[in-house]
Amino acid sequence: VASEPVIAREAVVLLHGLASNRSRWSEFVETTSLAATHDVLTPDLRGHGESAAVSDRGCLDRWVNDLAQSLNETGHEHALIVGHSLGAQVAIHFAAQYPGRASSLFLIDPVLRTALLAKNQWILTALPLFSAAAAAIRFANRLGIYRRRIAPLDLRELDRAARIALQSPENTEAFIRQYSSTRADLKHIHTAQYLQDVVELLRPAPGFARLHCPVRVLLSTGETFAGESETRRDLSALANVSFATIDCHHWPITERPDEVRLAIETWVTDTSENHTAFG
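So, here is what we can say about the structure in this document. (Residues numbered from 1 in each chain as written. Predicted model: local features only at pLDDT ≥ 70, side-chain atom pairs only at ≥ 80, totals over all residues. Heavy atoms only, no water.)

Details of the pattern of salt bridges
All told, the structure shown has 15 salt bridges when counted by the stated rule. The shortest N-O distance in the salt bridge between E27 and R163 comes to 2.6 Å. Within this pair, whereas E27 is found in helix α1 (residues 26-31), its partner R163 is found in helix α5 (residues 155-165), the two being separated by 136 residues in sequence. There is no split in this pair, since E27 and R163 are both buried. Across the pair R233 and D234 runs a salt bridge whose closest N-O atoms are separated by 2.7 Å. When its relative accessible area of 15% is taken as the criterion, D234 is described as buried. Each of R46, D56, R62 and D66 takes part in a single network of salt bridges with overlapping partners. (Salt bridge = Lys/Arg side-chain N within 4 Å of Asp/Glu carboxyl O. Helix = DSSP H or I, 4+ residues; strand = E, 2+ residues; numbered from the N terminus. Buried < 20%, exposed > 50% of the residue type's maximum accessible area, 1.4 Å probe, protein only.)

Put into structure tokens, the structure is as follows:
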């Protein structure tokens, strides 16, 4: 007797940022009401966390295709996709490359190259050097020259410790230094992949005319890498976009987890209701 096909619930995919991993979303998954109604997926982008093989180069094309393959394997034709920073870049490119598979996007502090703050513009000039350095390091890796052990990074615990520290206003600068520290990041990611992350983060966005799904953008008001007004200007080219702000720096999931969780839950509920009404 043939078994009944398994009908998957609607998927919500949570994509982490640069030099990060899926544990960025651990606390969210533990506390969200979405777990009762949706399949909440938290992949490690190739080259990060448990997918950090030194021989495996992560880049936008591979991350996008990996996401499509993951949805195929879990039986999801489409998904609502949340992306923070680099994860937002992956979400945008996925929606452009696989029209219809992204039901909606929720972008947290996307970093568009055209919206970089003046003090960060130098990174664009340095990108060819980053690419060349990453290629040279990968060549050395193939010769057997690489760190044999990358220290695991539990972002759930790091985030909790950061929130305790942030109860004291004078610790804000120390928080920003720690969470934007290249030296700290390199303890937990292969060097070539870190450089590749920066290159991929600042690749040109696809033509926004190719994105037809609803997009919600959550922008930090504090110290970030791209300007809020510039990001609004560029993303306003999307056909169906709305914006919200949150009072923090570039790490809302760390600094304002309850507010981020509520914003995502509300977005998922509204999006799902609209699909029911019109689909």
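A word on the environment of Q69
Following the sequence through the fold, Q69 ends up in helix α2 (residues 60-73). Owing to a relative accessible area of 41%, Q69 belongs among the partly exposed residues under this scheme. For the pair Q69 and S55, spaced 14 residues apart in sequence, the C-alpha to C-alpha distance is 20 Å.

Quick word on the pairing of strand β5 (residues 215-220)
Taking burial as the measure, the six residues of β5 include five buried ones, the bulk of the element. Here four bridges tie strand β4 (residues 102-108) to β5, and the two strands are oriented parallel to one another. Among the inter-strand pairings, I108 is bridged to a residue of β5, identified as L218. Sheet analysis places β5 next to strand β6 (residues 241-246), joined by six bridges and oriented parallel. Counterpart to L218 in the pairing with β6 is A244. Between the parallel elements β5 and β6, the chain passes through helix α9 (residues 228-235) in a crossover that is right-handed. (Pairing = 2+ DSSP bridges. Right-handed = clockwise from strand over helix to strand, strands pointing away.)

Some points on the nonpolar core
Among the nonpolar cores identified, the biggest contains 52 residues, and I81 and L105 are the most heavily contacted of them. At the level of secondary structure, the elements contributing two or more residues to this core comprise β1 (11-15), α2, β3 (79-84), α3 (86-97), β4, α4 (122-142), α8 (191-201) and β5. Broken down by element, this core gets its largest block of residues, eight residues, from α3. Contacts of I81, omitting those with residues within four sequence positions, involve V13, L15, L67, A91, F94, A102, S104, L105, F106 and W267. Core analysis: the next-biggest nonpolar cluster, separate from the first, contains 18 residues, L80, C248, I253 and V268 among them. (Core = buried A, V, L, I, M, F, W, Y, C linked by side-chain atoms within 4.5 Å. Contact = heavy atoms within 4.5 Å.)

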